[in-house]
Amino acid sequence: TLKLDGSSMTVFVKDGVYGVCSRNLELKMVDEEGVPINQDNAFIKKAAELGLESKLLAYGKNIAIQGELWGVGINGNWEGINHHEYSVFDIFDIDTQSYLSAHDRKRICEDLNLQHVPVVGYGDLYTLSTVQDYLDFAERPSINNKVAEGVVFKSINNPDYSFKAVSNSYLLNGGE
């Protein structure tokens, strides 16, 4: 899949409790009296715009949807868009403590009308044999930029197996 330059965003439901997280922390959406707060926070705002609370509660399973929030005001807006996008890259089953398969992840994205990160292609990882082969593969255009951050290699058969190759061109052009 294409590695998008943004910020990690996780939205979850566990036992009927809904939450939104940035990369490192759960974001508070109501104060001690139950009054909504942080409604202008980009993560909370995008989750609300996508209707994720009602979608996940209606879905009826304890899952965490992990994706990339990207666009204006985030990490220099590598893609140069004037809004925020959310692209799913993983779904975690909280009850079984396991990541869902690529097939199940794509199906849930379709069921919930969520954008999946762009799929670069499918193939046998062993056709690339050196680190340089993987780095060369990462040299590609992104969605709106002639240089992508890189790619993420994911196993279709084993959802616990993945790794990233970051584009050297991206790093040399100011990416972090």
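Each remark here, short or long, concerns the structure printed above.
Residues numbered from 1 in each chain as written. Predicted model: local features only at pLDDT ≥ 70, side-chain atom pairs only at ≥ 80, totals over all residues. Heavy atoms only, no water.

Novice: Quick question: what am I supposed to make of the overall build of the protein here?
Specialist: A tally of helices and strands in the protein yields 5 helices and 9 strands. Helices and strands in the protein line up, N terminus first, as β-β-β-α-α-β-β-β-α-β-α-β-β-α. In terms of overall size, the protein behaves like a compact globule, its C-alpha atoms giving a radius of gyration of 17 Å where 176 residues would be expected to give roughly 16 Å. Taken along its principal axes, the extent of the C-alpha atoms in the protein is 55 × 35 × 25 Å. Taking the contacts inside the protein whose residues are at least 6 apart along the sequence as the reference set, 56% of them involve residues at least 24 apart. Total accessible area computed for the protein in this model is approximately 9900 Å², and 50% of it derives from carbon and sulfur atoms. The average position of the 15 basic charges and that of the 25 acidic charges among the side chains of the protein differ by 2 Å. (Helix = DSSP H or I, 4+ residues; strand = E, 2+ residues; numbered from the N terminus. Rg over C-alpha atoms; globule rule 2.2 N^0.38 Å. Contact = heavy atoms within 4.5 Å. Areas by Shrake-Rupley, 256 points an atom, 1.4 Å probe, with all protein chains shown as cover. Lys, Arg positive; Asp, Glu negative; His and termini not counted. Charge placed at Lys NZ, Arg CZ, Asp CG, Glu CD.)

Novice: Any chance you could explain the sheet that holds strand E9 (residues 162–166) here in plain terms?
Specialist: Working definition: the strands of a sheet are paired by backbone hydrogen bonds and lie parallel or antiparallel to each other. Read across the sheet, 3 strands follow the order E1-E8-E9 without closing on themselves; strand pairing throughout is antiparallel. The outermost strands of the open sheet, each flanked by one partner alone, are strand E1 (2–3) and E9. As paired strands, E1 and strand E8 (residues 150–154) are joined by 2 bridges and run antiparallel to one another. Considered in E8, the bridge of Leu2 is made with Val151. (Pairing = 2+ DSSP bridges.)

Novice: So what exactly am I meant to see when it comes to the pattern of salt bridges here?
Specialist: When the charged atoms of two side chains lie near each other, side chains of opposite charge can form a pair. Applying the stated rule across the entire model yields 8 salt bridges. One network of salt bridges, with partners in common, ties together Asp90, Arg105 and Lys154. (Salt bridge = Lys/Arg side-chain N within 4 Å of Asp/Glu carboxyl O.)

Novice: Sorry, what's going on with the environment of Asp95 here?
Specialist: Considering the arrangement of structural elements, one finds Asp95 in the loop between strand E5 (84–93) and strand E6 (98–99). Separated by 63 residues in sequence, Asp95 and Asn158 have C-alpha atoms that sit 18 Å apart. Looking at Asp95, its side chain comes within polar contact range of the side chain of Asn62, at 2.9 Å. (Polar contact = N/O pair within 3.5 Å; in protein donor to acceptor, adjacent residues only side chain to side chain.)

Novice: What am I meant to see in the nonpolar core here?
Specialist: Most often, soluble globular proteins have nonpolar side chains that are buried together. By size, the foremost hydrophobic cluster in this structure holds 24 residues, and its most contacted members are Val11, Tyr18, Val20 and Ile65. Taken together, the elements giving at least two residues each to this core come down to strand E2 (7–14), strand E3 (17–21), helix H1 (42–49), helix H2 (52–59), strand E4 (63–71), E5 and helix H3 (102–111). Beyond its immediate stretch of four places on either side in the chain, Val20 contacts Thr10, Val11, Phe12, Leu25, Glu26, Leu27, Met29, Phe43, Ile44 and Ala47. With 7 residues, the next largest nonpolar core counts Leu128, Ala138, Val151 and Ala165 among its residues. (Core = buried A, V, L, I, M, F, W, Y, C linked by side-chain atoms within 4.5 Å. Buried < 20%, exposed > 50% of the residue type's maximum accessible area, 1.4 Å probe, protein only.)

Remember, this is a structural readout, not a statement about activity or role.
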